[in-house]
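# Examining the three-dimensional arrangement
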Amino acid sequence: MATLFAGLSQAAALDLIGYLPNYRINASYVANTLPGQLAMLDEIRYFGITVNSSGGLTTTAADLSNLQAIKMAIDALPAAQRPRLGITIGGAGTSDGFGPVASSSSLRTTFAQNLKSLLDQTGAVAVDLDWEHPAAGPERATHFPAMLTRVKQEFGADRRVYATVDPTVMISTSVLSGANAIDGVSLMTYDLGWWSNDPADPNTGQHSLQEYVDDAVQAWADPPGSPNQRPWVFGTWGRNVAKEKLGVGLPFYGRGFNGSSADVAVAYRDLVAGGTTSNGAAYVHGGSNVWIPSLAMVEQRVQQAHAAGLQHLIFWELSHDLGPSHPNSMLRTAYEKKQSLEAIPGDFDGDGAVGQLDLNLWQAAFGAIGNGGDADGDNDADGADFLIWQRHATPAVPLAPLPEPSAWMMIAAPLVGFVADWLRRRA
């Protein structure tokens with residue numbers, strides 16, 4: 001167990017990023033639901049602003065009011081729980097303005113300056129350019145990358161720029177290197193039923209399976225010339241992109257077919273409230289089989305993203321979930337799984353460091369059941385937990401003496417004697 005924890009503690013942190021569309025925001029949501037969700041996120045992306053063909057933004061008074069409300073909710077949290085505020089530009093069906101802007105050097109500059117002004121006005125620190133399907137050719141190879149790097153140049157190092165694309169839309173990797181490299185690429189692995197795992201019907205398939213997400217990451221991260229694992233999906237395979245620059249998605253809604261070509265999509269909260277689980281992944285809802293990632297699949301997605309060293313996991317969208325305090329909340333499930341993976345062995349107070357304060361907690365809990373000081377997961381604080389603390393403690397930490405022996409300690413005298421002797425010599 002200690003070896004496993006040691007390996008996990010060295011992995012880079014995985015950001016949890018939630019999307020919040022402007023049409024989901026109201027006073028009740030902001031007051032009662034949003035604060036709990038914010039506390040579990042590393043970034044929240046406000047969705048609904050677009051760009052026009054002259055480089056201007058469609059920002060309305062309602063958008064500015066919504067962003068102000070989100071920022072106030074973020075600032076009301078303790079500093080350690082505050083996520084970044086990001087803004088998504090574009091999205092499905094709203095990307096027409098990107099083409100003319102990206103193809104013009106002067107319009108790219110106008111657009112970048114307008115974005116910087118929006119961030120200055122709202123307190124946001126990140127922008128997600130959601131152009132899901134730039135056309136093959138100059139648009140994908142040069143125009144979109146040029147727009148991304150121009151925006152990053154305008155923002156500087158302190159503000160983030162992301163690109164969001166369909167996994168099959170492989171934009172030039174030049175955007176991820178150089179002085180104006182963007183901060184990450186979000187692969188839209190929200191809806192992968194079209195990838196199909198049903199041999200009887202190539203038009204249907206389970207929704208957002210992990211194997212398809214893994215394929216999308218491989219297609220971007222494998223070395224050039226690697227065998228194409230899904231030639232019927234990807235025209236090319238192997239872009240050699242570092243995984244720590246990539247993010248993948250996890251949908252908070254179910255998708256399926258109702259027996260015809262009509263597609264259905266249902267929010268997770270509505271499936272849980274009104275659906276009946278028919279098997280491990282599908283609900284029967286309104287006469288349709290609706291595929292949705294189960295809570296076990298949510299944990300798997302976090303586990304795999306963490307193990308692969310991915311940069312972030314994106315959730316579309318937050319209002320589809322159950323409330324943040326609900327034990328079956330998808331966001332809570334993802335957050336708690338992330339916390340368990342990123343926990344530092346011996347960091348009993350959760351401050352990201354292993355030192356004297358953690359030793360104090362272990363000492364206070366020594367011999368007790370379920371009262372902190374547990375590093376090996378056996379629900380008590382004993383000498384084995386101290387040894388884990390010892391391996392991960394900052395070398396310069398001054399050590400305090402052990403507490404007085406108890407009856408339990410006398411039973412484990414050889415081990416406790418070793419621990420006490422080690423402490424005395426270090427002190």
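Use the structure listed above.
Notes on the structure in this doc start here. Computed from a predicted structure; not experimentally measured.

Turning our eyes to something else, we now look at helix α11 (residues 330-342). A rise of 1.5 Å per residue sets the reference length of α11, with its 13 residues, at 18 Å; its end C-alpha atoms lie 18 Å apart and thus fit the reference within 8%. Along α11, the residues classified as buried are Met330, Leu331, Thr333, Ala334, Lys338 and Leu341. Seen from one end, α11 has its buried residues packed into an arc of 160 degrees, which puts them on one side.

The next thing to look at is the sheet that holds strand β3 (residues 84-90). Sheet strands pair via backbone hydrogen bonds, and the direction of the pair is either parallel or antiparallel. With parallel pairing, 8 strands are arranged side by side around a closed barrel as β1-β2-β3-β4-β5-β6-β7-β13. In this sheet, adjacent strand axes meet at a mean angle of 25 degrees when their direction is disregarded. Looking at chain direction, β3 and strand β4 (residues 126-130) are connected through 5 bridges and run parallel. Bridge assignment links glycine 90 to a residue of β4, and that residue is aspartate 130. Helix α10 (residues 295-308) contacts β7 (246-251) and β13 (312-316) of the sheet and is inclined by roughly 175 degrees relative to β7. On the sheet, α11 packs against β1 (15-21), β7 and β13 and is oriented at approximately 165 degrees with respect to β1.

With that settled, the discussion passes to the pairing of strand β6 (residues 184-187). Burial along β6 is two-sided: Gly184 and Ser186 facing one way and Val185 and Leu187 facing the other are all buried. Strand direction decides the pairing type here: β6 and β7, joined by 2 bridges, are parallel. Bridge pairing in β7 places serine 186 opposite glycine 247.

Within the secondary structure, aspartate 349 is located in the loop between α11 and α12 (356-365). For the pair formed by aspartate 349 and glycine 373, sequence separation is 24 residues and the distance between their alpha carbons is 8.9 Å. The contact partners of aspartate 349, leaving out residues within four places of it in the chain, are Leu357, Asp358 and Leu361.

Rules used throughout
Residues numbered from 1 in each chain as written. Predicted model: local features only at pLDDT ≥ 70, side-chain atom pairs only at ≥ 80, totals over all residues. Heavy atoms only, no water. Helix = DSSP H or I, 4+ residues; strand = E, 2+ residues; numbered from the N terminus. Expected span 1.5 Å × (residues − 1). Buried < 20%, exposed > 50% of the residue type's maximum accessible area, 1.4 Å probe, protein only. Arc of directions from axis to C-beta. Pairing = 2+ DSSP bridges. Axes fitted to C-alpha atoms, helices over the stretch in contact; angles between N-to-C directions. Contact = heavy atoms within 4.5 Å.

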